[in-house]
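Letter by letter, the chains look like this.
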Amino acid sequence: MEGEFVISAIEGDSDKTLLSGSLEEKKKDELYCPRCGALFAKLVSCNCSPGADMVVLGLTPHLDFNNAVTFCNVTGCHNGAFVKSGEVLRHLRLQ
């Protein structure tokens, strides 16, 4: 199944708003860029369930892991964060 959703621009808000399709609770989704079709890059594994990943959306034209938004690819997981310059290693250690 294919669909589209948007994530909240508010830090700490893990809500996703569906534009089309559907999401199943606790299911891992393969997430792709709607513009270029590339699979979202993985930052780290998420601890919410086996095989879950924290994926990355860059805030600049070229992906920069130090300037990005990261969230879990399992529907219903509330893990996620803004990763600002210099904080990526601290984020990895917290996982």
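Residues numbered from 1 in each chain as written. Predicted model: local features only at pLDDT ≥ 70, side-chain atom pairs only at ≥ 80, totals over all residues. Heavy atoms only, no water.

Trainee: Explain the packing of aromatic side chains to me, using residue names and the numbers behind them.
Mentor: Taken as a whole and judged by the stated rule, the model has 1 aromatic pair. Pairing Phe5 with Phe71 gives two aromatic rings, centres 6.5 Å apart and planes at 85°, and the pair type is edge-to-face. Remark: Phe71 occurs in strand 5 (residues 68–72) and Phe5 occurs in strand 1 (residues 4–7); sequence separation between them is 66 residues. With relative accessibility at 7%, the residue Phe71 sits in the buried group. (Phe/Tyr/Trp six-rings, centres within 6.5 Å; stacked < 30°, edge-to-face > 60°. Helix = DSSP H or I, 4+ residues; strand = E, 2+ residues; numbered from the N terminus. Buried < 20%, exposed > 50% of the residue type's maximum accessible area, 1.4 Å probe, protein only.)

Trainee: Now, about the side chain of Asn73: what can you tell me, with residues and values included?
Mentor: When you line up the elements, Asn73 lands in the loop between strand 5 and strand 6 (80–83). Relative accessible area serves as the criterion here: at 5%, Asn73 is assigned to the buried category. Those residues within four positions of Asn73 in sequence are excluded, and the remaining contacts are Lys27, Lys28, Asp29, Leu31, Ala52, Asp53 and Val55. (Contact = heavy atoms within 4.5 Å.)

Trainee: Go over the pattern of salt bridges, please, and point to the residues and values.
Mentor: Applying the stated criterion to the full structure yields 3 salt bridges. The salt bridge partner of Lys28 is Asp53, with a shortest N-O separation of 3.4 Å. Placement of Lys28 in the loop between strand 2 (16–20) and strand 3 (41–45) and of Asp53 in strand 4 (residues 53–58) is noted, with a sequence separation of 25 residues between them. Members of the salt-bridge network, linked through shared partners, are Lys28, Lys42 and Asp53. (Salt bridge = Lys/Arg side-chain N within 4 Å of Asp/Glu carboxyl O.)

Trainee: A description of the pairing of strand 4 should follow, citing residues and the corresponding values.
Mentor: Where strand 3 and strand 4 come together, 4 bridges link them in antiparallel fashion. Residue pairing across strands places Val44 opposite Met54, the latter belonging to strand 4. As defined by bridge partners, strand 4 adjoins strand 5 across 5 bridges and the pair is classed as antiparallel. Within strand 5, the residue paired with Val56 across the bridge is Thr70. (Pairing = 2+ DSSP bridges.)

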